[in-house]
Amino acid sequence: DQHSASLKEILPADNFSGRHFIDVMRPYVTEKTLGTVKEYVELLFTSHVEESLIQDLNPLQEVTIHIDSKGGAFDMRHLQFMFRRSWDKMELNHILVSITNVTEAVQLRDALKKSEQKSEQDMAMLTAILHLNPGTLDDFIRTSKETLDQINQVFRHPGRNPKILAEKLEKIQRLAHKLKGDCSMIDLRFLLERVHNFCLLYTSDAADERSSV
């Protein structure tokens, strides 16, 4: 029945007073998450459950919600819910809920993680290249460039009918697997993974889907 004015800035709604917490959360989380939250709310009102366990089992310590905005788009937010039980003479009185918008912190954390992963990949790439014979590296760069140029030429070739698309797909797959083999021969694993992901984009199923669009 009581809430701060800033709540509406975090969870847009016409009215919060008198509404069940589950009903408030329903538009923002999946049914699976909602079911877990229901069980957790029941646990909150179970007085013999230890406070440390209450905090550990919190399913909303960090939750991503999507809020509809104008033009059919949506606003993605990362929220943190904290629950505190209030006691009066050893009797559970009510539950205090605090909600914090941690979107910026989560974005910074994800950006840092990606930066660290890229640094590791760059270091692995540098280490792999340093172990190569200069002549071998020159040959690989030359043949790889030729192969990539051939793949680009296939993309540029006109034609949208199923037969031409199938022929283009076959050529792309053959050239990509050649490049993949060249990477494997000199153990450039970081590049091998990227070429492998490229090959996955041009499987028969993926090509059939694109040709039907």
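For the structure itself, look to the data block above.
Being a predicted model, the structure only gives us computed values, none of them experimental. (Residues numbered from 1 in each chain as written. Predicted model: local features only at pLDDT ≥ 70, side-chain atom pairs only at ≥ 80, totals over all residues. Heavy atoms only, no water.)

(A) Examining the overall build of the protein chain more closely. If you tally the helices and strands in the protein chain, you get nine helices and three strands. In the protein chain, the succession of helices and strands from N to C terminus is α-α-α-α-β-β-β-α-α-α-α-α. For the protein chain, whose C-alpha radius of gyration is 28 Å, the value lies well above the compact-globule estimate of 17 Å for 213 residues. Across its three principal axes, the protein chain shows a C-alpha extent of roughly 80 × 45 × 30 Å. For the protein chain, buried positions account for 27% of its 213 residues. Within the protein chain, residue pairs in contact and separated by at least 24 positions form 44% of the contacts whose partners lie at least 6 positions apart. With the model as given, the accessible surface of the protein chain reaches about 15,200 Å², and the carbon-plus-sulfur share is 54%. (Helix = DSSP H or I, 4+ residues; strand = E, 2+ residues; numbered from the N terminus. Rg over C-alpha atoms; globule rule 2.2 N^0.38 Å. Buried < 20%, exposed > 50% of the residue type's maximum accessible area, 1.4 Å probe, protein only. Contact = heavy atoms within 4.5 Å. Areas by Shrake-Rupley, 256 points an atom, 1.4 Å probe, with all protein chains shown as cover.)

(B) Just the packing of helix α7 (residues 162-185) against helix α8 (residues 189-201), in detail. Two elements in contact, α7 and α8, have axes separated by 9 Å at closest approach and are oriented at 165 degrees. The angle between α7 and α8 places the two elements in the roughly antiparallel class. At the point where α7 passes α8, the crossing takes the left-handed sense. Packed against α7, whose contacting residues are Ile172, Ala176, His177, Leu179, Lys180, Cys183 and Ser184, the element α8 presents Leu191, Leu192, Val195, His196, Phe198 and Cys199 at the interface. Residue composition of the contact of α7 with α8, by class: nine nonpolar, three polar and one charged. (Axes fitted to C-alpha atoms, helices over the stretch in contact; angles between N-to-C directions. Parallel < 35°, antiparallel > 145°, perpendicular 65-115°, else oblique. Left-handed = near helix turned anticlockwise from the far one by under 90°. Nonpolar A, V, L, I, M, F, W, Y, C, P; charged D, E, K, R; others polar.)

(C) Structural view of the pattern of salt bridges. Within this structure, the stated rule accounts for eleven salt bridges. Between lysine 178 and aspartate 182 there is a salt bridge, with the nearest N and O atoms lying 3.3 Å from each other. On the criterion of helical spacing, the pair formed by lysine 178 and aspartate 182 is a turn pair, its members being four residues apart in helix α7. What emerges from the salt-bridge pattern is a single network uniting Asp23, Arg26 and Glu31. (Salt bridge = Lys/Arg side-chain N within 4 Å of Asp/Glu carboxyl O.)

(D) Here's a closer look at helix α6 (residues 134-156). Taking 1.5 Å of rise per residue, 23 residues should cover 33 Å, and α6 covers 33 Å from first to last C-alpha, within 8% of that figure. The set of residues buried in α6 consists of Leu137, Phe140, Ser144, Thr147, Ile151 and Val154. On its buried side, α6 packs onto α5 (103-130), α7 and α8. Between a side-chain oxygen at the N-terminus of α6 and the backbone nitrogen of glycine 135 the separation is 2.8 Å; the capping residue is asparagine 133. (Expected span 1.5 Å × (residues − 1). Polar contact = N/O pair within 3.5 Å; in protein donor to acceptor, adjacent residues only side chain to side chain.)

(E) Fine view of the state of the cysteines. Using the criterion set out here, one finds zero disulfides in the structure. As a non-bridged cysteine, cysteine 183 has cysteine 199 as the owner of its nearest cysteine sulfur, 9.6 Å distant. (Disulfide = S-S within 2.5 Å.)

(F) Highlighting the layout of surface pockets. As a volume, the largest pocket reaches approximately 880 Å³. Around the largest pocket sit 27 residues that line it, and Asp1, Gln2, Phe21, Ile95 and Val97 are the ones nearest its centre. Those elements that provide at least two residues to the lining of the largest pocket are α1 (7-10), α2 (21-25), α3 (31-44), β2 (74-88) and β3 (91-101). Counting residues per element, the lining of the largest pocket draws most heavily on β3, at six residues. By residue class, the composition of the lining of the largest pocket is 16 nonpolar, nine polar and two charged. (1 Å grid on protein atoms, 1.4 Å probe; cavity = no way out; pocket = protein on both sides within 12 Å on 5 of 7 lines; lining within 4 Å. Points joined across faces, edges and corners; volume = space filled by probe spheres on them.)

(G) Summary view of the packing of aromatic side chains. One pass over the full model with this rule turns up three aromatic pairs. On the basis of an interplanar angle of 90 degrees and a centroid distance of 5.8 Å, the ring pair of phenylalanine 21 and phenylalanine 83 is categorised as edge-to-face. Placement of phenylalanine 21 in helix α2 and of phenylalanine 83 in strand β2 is noted, with a sequence separation of 62 residues between them. Judged by relative accessible area, phenylalanine 83 falls into the buried class, the value being 2%. Ring geometry for tyrosine 40 against phenylalanine 83: centres 5.3 Å apart, planes inclined by 70 degrees, an arrangement best described as edge-to-face. (Phe/Tyr/Trp six-rings, centres within 6.5 Å; stacked < 30°, edge-to-face > 60°.)

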